[in-house]
Amino acid sequence: MRKKTDLRIIRTKKSIKKAFLDLLKEKNYNKITIQDIAEEAMINRNTFYLHYLDKDDLLDQLSSECFNKLKESMNASSNINIIDDLGYDEFYEINKKVFKSIEEDFDFYKVILGDESIPYLSFKFTNVIKNHMSEGLDKSYSLKTDERNIDHRIIYVEYMAAGLIGVIRFWVNNKDKYSIEEVSRIVINMYSKDILELLKNC
């Protein structure tokens with residue numbers, strides 16, 4: 001009986017999230033009401049409040065789930081502990097995992113990368129990317145602590161994160177034109193090769 005109840009809860013919450021994302025494709029976040037969500041999910045308002053405090057709580061839980069999956073996708077394989085051991089192939093596989101994570105929660109990222117009424121989510125997304133890059137550099141053993149230029153590194157991380165997020169945004173809007181493998185390979189080439197040489201061959 002407990003398992004059946006749990007499955008019912010999972011299905012209900014899934015329905016609410018889908019309804020919410022569908023509404024966000026059509027309406028500004030600030031104009032969506034609980035009643036809108038309930039009607040779209042084909043539930044009553046009381047059922048919504050059994051699972052979420054309000055619309056903001058729903059958005060927070062949904063974003064946390066998606067961002068946690070994204071963080072997990074950016075972790076290297078179990079035999080790679082530091083950035084110095086990260087080769088081209090490993091880096092490529094991690095990028096594929098990132099884009100697959102984006103694809104799994106495609107509707108969510110399509111919304112947050114395009115809806116200006118919830119800018120803090122775009123900010124949180126950016127920080128997930130930047131923090132992961134910074135943490136990876138912190139683990140490098142090829143640079144001694146006193147050799148690090150933190151001020152410069154901040155700029156490098158900003159540049160790399162902005163580039164990756166820009167590619168993700170472009171891919172979300174042009175998903176049918178580029179496979180995950182193709183876009184992952186392009187990103188890796190930009191990071192690992194001379195960008196000017198790549199541009200000359202475009």
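So, here's what we can say about the structure. As the structure is a computational prediction, the values presented were derived from the model and not from experiment.

Quick notes on the overall build of the protein
So, point 1. The number of helices and strands found in the protein is ten helices and zero strands.
So, point 2. Overall, the protein shows an N-to-C arrangement of helices and strands of α-α-α-α-α-α-α-α-α-α.
So, point 3. Here the protein, with 202 residues, has 37% of them falling under the buried criterion.
So, point 4. At a minimum sequence separation of 6, the contacts of the protein that also span at least 24 residues come to 67%.
So, point 5. Carbon and sulfur atoms make up 53% of the accessible area of the protein, which totals about 12700 Å².

Considering the nonpolar core
So, point 1. Formed by 47 residues in total, the largest nonpolar core has its most connected members in Leu70, Phe108, Tyr109, Phe125 and Ile129.
So, point 2. Listing elements by their share of this core, those giving two or more residues are helix H1 (2-26), helix H2 (34-41), helix H4 (55-74), helix H5 (88-104), helix H6 (106-112), helix H7 (119-138), helix H8 (150-173) and helix H9 (180-192).
So, point 3. With eight residues, the top contributor of residues to this core is H8.
So, point 4. Those residues within four positions of Phe125 in sequence are excluded, and the remaining contacts are Phe67, Leu70, Ile102, Tyr109, Ile112, Leu113, Ile165 and Ile168.

Let's talk about H2
So, point 1. Among the residues of H2, those classed as buried are Ile34, Ile37, Ala38 and Ala41. Taken end-on, H2 shows its buried residues confined to a sector of 100°, consistent with a single buried face.
So, point 2. Looking one or two residues beyond H2, the residue adopting positive phi is Met42, at roughly 60°.

Looking at the pattern of salt bridges
So, point 1. Across all of its chains, the model carries ten salt bridges by this definition.
So, point 2. Close ionic contact of Lys17 with Glu65 constitutes a salt bridge, the shortest N to O distance being 2.8 Å. Of this pair, Lys17 sits in helix H1 while Glu65 sits in helix H4; the two residues are 48 residues apart in sequence, bridging distant segments of the chain.
So, point 3. Given a relative accessible area of 17%, Lys17 falls into the buried group.
So, point 4. Note that Glu93 and Lys96 form a salt bridge whose closest N and O atoms lie 3.6 Å from each other.

Looking at the packing of aromatic side chains
So, point 1. Scanning the entire structure with this criterion turns up eleven aromatic pairs.
So, point 2. Ring geometry for Phe48 and Tyr49: centres 5.5 Å apart, planes at 90°, overall edge-to-face.
So, point 3. Taking the relative accessible area as the measure of exposure, Phe48 reaches 0% and is therefore buried.
So, point 4. With a relative accessible area of 37%, Tyr49 lands in the partly exposed category.
So, point 5. Ring geometry for Phe67 and Phe125: centres 6.3 Å apart, planes at 20°, overall stacked. Pair noted here: Phe67 is in helix H4 and Phe125 is in helix H7, with a separation of 58 residues, a long-range link.
So, point 6. Residue class for Phe125 comes out buried when judged on its relative accessible area of 0%.
So, point 7. One aromatic cluster is present, built from ring pairs that chain together Phe67, Phe108, Tyr109 and Phe125.
So, point 8. Seen from the ring of Tyr29, Lys55 lies directly overhead, with NZ or CZ sitting 4.3 Å from the centre.
So, point 9. In this arrangement the basic side chain of Lys175 is found over the ring face of Phe106, its NZ or CZ atom lying 5.6 Å from the centre.

Cut-offs used in this document
Residues numbered from 1 in each chain as written. Predicted model: local features only at pLDDT ≥ 70, side-chain atom pairs only at ≥ 80, totals over all residues. Heavy atoms only, no water. Helix = DSSP H or I, 4+ residues; strand = E, 2+ residues; numbered from the N terminus. Buried < 20%, exposed > 50% of the residue type's maximum accessible area, 1.4 Å probe, protein only. Contact = heavy atoms within 4.5 Å. Areas by Shrake-Rupley, 256 points an atom, 1.4 Å probe, with all protein chains shown as cover. Core = buried A, V, L, I, M, F, W, Y, C linked by side-chain atoms within 4.5 Å. Arc of directions from axis to C-beta. Salt bridge = Lys/Arg side-chain N within 4 Å of Asp/Glu carboxyl O. Phe/Tyr/Trp six-rings, centres within 6.5 Å; stacked < 30°, edge-to-face > 60°. Lys NZ or Arg CZ within 6 Å of the ring centre and 35° of its normal.

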